[in-house]
Amino acid sequence: DEYDESESEEERPAKKRPAAKAKRAAKPEEKDPWGLHGTKASKDWKHLQALPVEMFYWNRVVIDEFTYNNERDNVAIVTGVKAAARWVLSGTPDVSGFSAVAKTAQWLGLTLGSSDASELTKAEQKQQSAAERFAYFKEVHTPAWHATRHAIAQDFLDRFVRQNVAEIDEIPWREQAAVVALPPPERALYIELKNHLEALDMKNSHKTIKSKCKSENDREARLANVLGGSASPEEALLKRCSHFDMVGNSTSAAAACDEIVATRTAQLQLCADEIERQTAYARDAIGAFEAHHKPDKLDAKQKELLLMPRTHFDDWRSKEVAASGDDEAARRIAQLVKAGLARPKGKVSLPSNEKGFKDKLYWTRDQVHLLRRLQKELVGRVRSLRFFEAVRTVQRGGSLPGLAAGQPSSSLSLLSSCGHAGPHETLCEHAERQECPHPGCKAAVRPGCVIRVGELGSETADGAGGAFGAKLSAVASLIGRTREEERVLVFVQFPDLLQKVHEALTAAGLRVAMLKGTPTQRSKVIEDFQQLTLKKGDARVLLLNLRDESAAGANLTQASHAIFLHPLLVGSQQEFDSCDTQAVGRIRRYGQQRTVQIYRFVVESSIDTDILTARRADASTLLAEAGRGDDVAPLE
């Protein structure tokens, strides 16, 4: 490259600091939150609105399930309450490192020491002052420093922590996995999303490159739309395993497939339109940049850099477009570039906030970089749409283009990376060399990309999963097989999926309750669910969120069945074990009178099985003994 992008900040022109934002108006303080100044309270303390606990010296302060309360203000409030003894309770405390132990110690009013910069959460980083951020930046901690912290944390655990092992072995329980085979339309939707995420390079990192270009914001919006409101590609895939349409109103998986084709086609056209517009804009921006900087007013280095954006632009349209790695996409991009260059020249004003030569150079160069990203996006969209259309053609009994007539489908396969088809043996041989046999296709093919046509199923031969999908239908079927007097917990991680589950179970004729609203309303739901006898119209199914306190602490021993709709998606093994233990502990605890039955639903050959295998050491045994979808039944 003609220009070194690793230039230090000192070499860049200084920029004006943005004006400080106006401070928000402080909230007015409550003058008498407890009602101490009222005439009734002065005569009878029972008329107080709330007990001023800070006025007393307590014998013991007990904080239950402290791991679910991470608010700094709450820690400060508890620390301000004086007591002779402090107990903090949790069935799943985090002892994975010094930072985790230090957070436990703060509930006892103890400070073990400062955390390392790498241990801070995003919320904690935002709360840091400028001096604290600078201190973390300049400090380089030695191995001896970390060893000392480890010893301090261990000393705290030895002195203050006690573990009581619950003797609940006498409570009978069993656990079984339920493996769901998605019907062809749902399978096609899952494969399409997985392939689409990989084609757009979102599987490993869904965060796109930020840019000063307005067109980049449009591109980010299209990529975010693929996730459908999910925070990550993994979350989107987990939801797709459970329900075929989280954001639309499709009445069936087959209808959702048709909508996906229309949506992906529209997204592809938007990307194509953006390339055409951006080509004309980049051309005009380069012209404006060159016109703004006269060669006679530049030094030798600047004269050399002046031509860099145009060189990048010419190389991109003359060389890089033809080398897109996909002939169909390359032809389409070439036509878009030609159409863009044919547009009349427009007037482009260089951004006023880019003051110096180098800043304007960066901005102009970014216009060409955006074209490269749009080119990559369009290639990915062409490939994923080609693949999905081929899958739907097979499932509807049609023949794939480019293949010899009469070839048996059992000998054919599809490449999920690009959508091209061919004999299975041929595709496998080329996949070992990480190449596609189709002329003009340079897609990176792996052995896992080869999908047998016969495995895609047929819409005429295989049944459908109903209005809510195969997995939710299997869950509703299992709950329907339980005794009418038995109660069931269903654990789901994501709020929008939780709502879909509620709709599906309600449509199946089941009485379902959810924890929502104020703490008082949530307590009322739990109290009603824990009634000894069910009344007519009472809910016998309770939906809980795996990640919040609704799945921890509550005593729900009236239920004897626990259904996990999907494996828990978390960042660490400790967090997985903690949340899972808390969830199971709602019903497998003292007071349980029935056999506890736990069901884990997973979709075969999907992210469900990947997560379960990664997080559970006994996953292979659990899956080997698993029942099949609708065949799973409660223990009699």
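You'll find the structure just up there.
Residues numbered from 1 in each chain as written. Predicted model: local features only at pLDDT ≥ 70, side-chain atom pairs only at ≥ 80, totals over all residues. Heavy atoms only, no water.

Engineer: How do you make sense of empty space enclosed by the protein when you look at a structure like this?
Structural biologist: Leftover empty space is mapped by rolling, across the atoms, a probe with the size of a water molecule. Overall, the coordinates contain 1 cavity of 30 Å³ or more when judged by the stated rule. Taken as a whole, the largest cavity holds about 90 Å³ of empty space. Looking at the lining of the largest cavity, the elements with two or more residues in it are α19 (573-584) and β13 (596-603). Tallied by class, the residues present in the lining of the largest cavity amount to 9 nonpolar, 1 polar and 2 charged. (1 Å grid on protein atoms, 1.4 Å probe; cavity = no way out; pocket = protein on both sides within 12 Å on 5 of 7 lines; lining within 4 Å. Points joined across faces, edges and corners; volume = space filled by probe spheres on them. Helix = DSSP H or I, 4+ residues; strand = E, 2+ residues; numbered from the N terminus. Nonpolar A, V, L, I, M, F, W, Y, C, P; charged D, E, K, R; others polar.)

Engineer: Would you explain the pattern of salt bridges in this entry?
Structural biologist: If the charged atoms of two oppositely charged side chains come close together, the side chains can form a pair. By the definition in use, this model includes 26 salt bridges. One salt bridge in this structure joins E290 and R310, with 2.9 Å as the shortest N-O distance. Of the two residues, E290 sits in helix α10 (residues 253-292) while R310 sits in helix α12 (residues 308-320), which places them 20 residues apart along the sequence. The class for R310 is partly exposed, based on a relative accessible area of 31%. Three or more residues are tied together by salt bridges with common partners; here these are E175, D580, R600, R616 and D618. (Salt bridge = Lys/Arg side-chain N within 4 Å of Asp/Glu carboxyl O. Buried < 20%, exposed > 50% of the residue type's maximum accessible area, 1.4 Å probe, protein only.)

Engineer: Can you help me understand a nonpolar patch on the surface in this one?
Structural biologist: On the surface, W34, L36, L51, M55 and F56 cluster together to form a nonpolar patch covering roughly 480 Å² of accessible area. Note on F56: relative accessible area 40%, which makes it partly exposed. (Patch = residues over 30% accessible without salt bridge, like charges linked within 9 Å, V, L, I, M, F, W, Y side chains within 5 Å. Areas by Shrake-Rupley, 256 points an atom, 1.4 Å probe, with all protein chains shown as cover.)

Engineer: For this particular structure, what's the right way to read the packing of aromatic side chains?
Structural biologist: The geometry of an aromatic ring pair comes down to the distance between the two centres and the angle between the two planes. Evaluated as defined, the whole model comprises 6 aromatic pairs. Their ring planes at 55° and their centres at 5.7 Å tell us that F56 and W58 sit as a pair that is tilted. W58 sits in the partly exposed class, given a relative accessible area of 29%. For the ring pair F156 and F160, a centre distance of 5.3 Å and an interplane angle of 35° mean the geometry is tilted. Here the residue F156 and the residue F160 both occupy positions in helix α6 (residues 143-160), the gap between them amounting to 4 residues, near one helical turn. Stacked on the ring of W87, the Lys or Arg R60 has its end atom at 4.2 Å from the ring centre. Taking the ring centre of F564 as reference, the NZ or CZ of R600 above it sits at 4.3 Å. (Phe/Tyr/Trp six-rings, centres within 6.5 Å; stacked < 30°, edge-to-face > 60°. Lys NZ or Arg CZ within 6 Å of the ring centre and 35° of its normal.)

Engineer: Help me understand the pairing of strand β5 (residues 173-180) in this model?
Structural biologist: For a regular strand, the rule is simple: side chains alternate between the two faces of the sheet. Pairing geometry for β5 and β13, over 8 bridges, is parallel. Bridge pairing links V180 to V603 in β13. (Pairing = 2+ DSSP bridges.)

Engineer: Can you walk me through unusual backbone geometry in this structure?
Structural biologist: The general pattern is negative phi for most residues beyond glycine and trans for most peptide bonds. The phi angle at E65 is positive, at roughly 50°, despite the residue not being glycine. With respect to the helices and strands, E65 occurs in the loop between β2 (61-64) and α2 (72-80). Residue class for E65 comes out buried when judged on its relative accessible area of 16%. Phi at S605 is positive, roughly 55°, even though this residue is not glycine.

Engineer: Any chance you could explain the nonpolar core here in plain terms?
Structural biologist: Nonpolar side chains tend toward joint burial in soluble globular proteins. Among the nonpolar cores identified, the biggest contains 42 residues, and I479, V490, V501, L505, L543, I563 and F601 are the most heavily contacted of them. Of the residues forming this core, the biggest block, 7 residues, is contributed by helix α16 (residues 470-481). Look past the residues within four positions of L505 in its chain and what remains in contact with it is V475, A476, I479, V490, L510, V512, V541 and L543. Counting residues in each nonpolar core, the second largest holds 25 residues, with L489, A513, F529 and L556 among its members. (Core = buried A, V, L, I, M, F, W, Y, C linked by side-chain atoms within 4.5 Å. Contact = heavy atoms within 4.5 Å.)

Engineer: Explanation requested: the sheet that holds strand β11 (residues 541-545) in the structure shown.
Structural biologist: Sheet strands associate in pairs through backbone hydrogen bonding, adopting either a parallel or an antiparallel arrangement. Ordered in space as β10-β11-β9-β12-β13-β5-β14, the 7 strands form an open sheet in which the pairing is parallel. The sheet is open, and its two borders are formed by β10 (512-514) and β14 (627-628), each paired with just one other strand. Direction of pairing for β5 relative to β14: parallel, over a ladder of 2 bridges. For V179, the partnering residue across the bridge sits in β14 and is R628. Relative to the sheet, α16 contacts β5, β9 (487-492), β11, β12 (559-564) and β13, its axis offset from that of β13 by approximately 160°. (Axes fitted to C-alpha atoms, helices over the stretch in contact; angles between N-to-C directions.)

Engineer: I keep staring at the packing of α10 against α12 and nothing clicks. Help me out?
Structural biologist: Each packed pair of helices is defined by two parameters, the angle between the axes and the distance between the axes. Running from N to C, α10 and α12 point in directions that differ by 155°, and their axes come no closer than 10 Å. Regarding the angle of α10 to α12, the classification is roughly antiparallel. In terms of crossing hand, the pair formed by α10 and α12 is left-handed. Contacts between α10 and α12 involve T279, A282, R283, I286, G287, F289 and E290 from the former and P309, R310, F313 and W316 from the latter. Considering only residue class, the contact of α10 with α12 consists of 6 nonpolar, 2 polar and 3 charged. (Parallel < 35°, antiparallel > 145°, perpendicular 65-115°, else oblique. Left-handed = near helix turned anticlockwise from the far one by under 90°.)

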